[in-house]
Amino acid sequence: MIRRLLMLMLMLALHSFPLFAQIDILPFRSNAQQAEWREITQSLRCPKCQNSSIADSDAMIAEDMRRKVFELQQKGESKAQIIDYMTLRYGEFVTYQPPVTGSTLVLWLGPVFILLMGSMVIIRRTRFKASSVNDSASAHHYREDERPWSD
């Protein structure tokens, strides 16, 4: 009896953990402002999680960033101004599409360069093999009576 009661209490305790989850309840002025907030928080990357937006992340820094986006929005700043603020504070890493600058040029052109180099290697190897096969075939001209195979 006591064992069943303890098991029931344990199960209730384990199932009540989602009740402690924290939800951002922010007083938006309009639905348009809320939609813009969602768009901004989806477009910014969490510095801790790295592959999640600040809207999807449960990290404490993401929560701070969401609140800061809300505060800046309440002050009347535009989407571009908010993203610029976050970029200045956390670096280019927080944007999913970093601008083309001298430091990010390698990121933008690196894959193209590797693809071109790989294509050149494949073309050269194919030409080299084709020319070596043609050279070896042309080096063995036999007269009609000197053929190694017979009819």
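Residues numbered from 1 in each chain as written. Predicted model: local features only at pLDDT ≥ 70, side-chain atom pairs only at ≥ 80, totals over all residues. Heavy atoms only, no water.

(A) Quick peek at a nonpolar patch on the surface. Taken together, the side chains of Met1, Ile2, Leu5, Leu6, Leu8, Met9 and Leu12 define a hydrophobic patch exposed on the protein surface, amounting to about 840 Å² of accessible area. In this fold, Leu8 is placed in helix α1 (residues 2–15). Of the residues examined, Leu8 reaches a relative accessible area of 47% and is grouped as partly exposed. (Patch = residues over 30% accessible without salt bridge, like charges linked within 9 Å, V, L, I, M, F, W, Y side chains within 5 Å. Areas by Shrake-Rupley, 256 points an atom, 1.4 Å probe, with all protein chains shown as cover. Salt bridge = Lys/Arg side-chain N within 4 Å of Asp/Glu carboxyl O. Helix = DSSP H or I, 4+ residues; strand = E, 2+ residues; numbered from the N terminus. Buried < 20%, exposed > 50% of the residue type's maximum accessible area, 1.4 Å probe, protein only.)

(B) Representation of the pattern of salt bridges in the model. Here the structure, examined in full by the defined rule, presents three salt bridges. Ionic pairing is found between Glu39 and Lys79, a salt bridge with its closest N-O pair at 2.4 Å. Placement of Glu39 in helix α2 (residues 31–43) and of Lys79 in helix α4 (residues 79–90) is noted, with a sequence separation of 40 residues between them. Across the pair Glu63 and Arg67 runs a salt bridge, and its minimum N-O distance is 3.1 Å. You can see Glu63 and its partner Arg67 sitting in helix α3 (residues 60–74), four residues apart, about one turn around the helix.

(C) Spotlight on α4. Its 12 residues place the ends of α4 16 Å apart at the C-alpha level, agreeing with the 16 Å of an ideal helix rising 1.5 Å per residue. Among all positions in α4, only Ile82, Ile83, Met86 and Thr87 are buried. Buried residues along α4 cover an arc of 135° about the axis, so they all sit on one side. Turned more than 90 degrees off the buried face of α4, the exposed positions are Leu88 and Arg89. In the core, the buried residues of α4 are packed alongside α2 and α3. In the stretch just after α4, Gly91 is the one whose phi turns positive, near 95°. (Expected span 1.5 Å × (residues − 1). Arc of directions from axis to C-beta. Contact = heavy atoms within 4.5 Å.)

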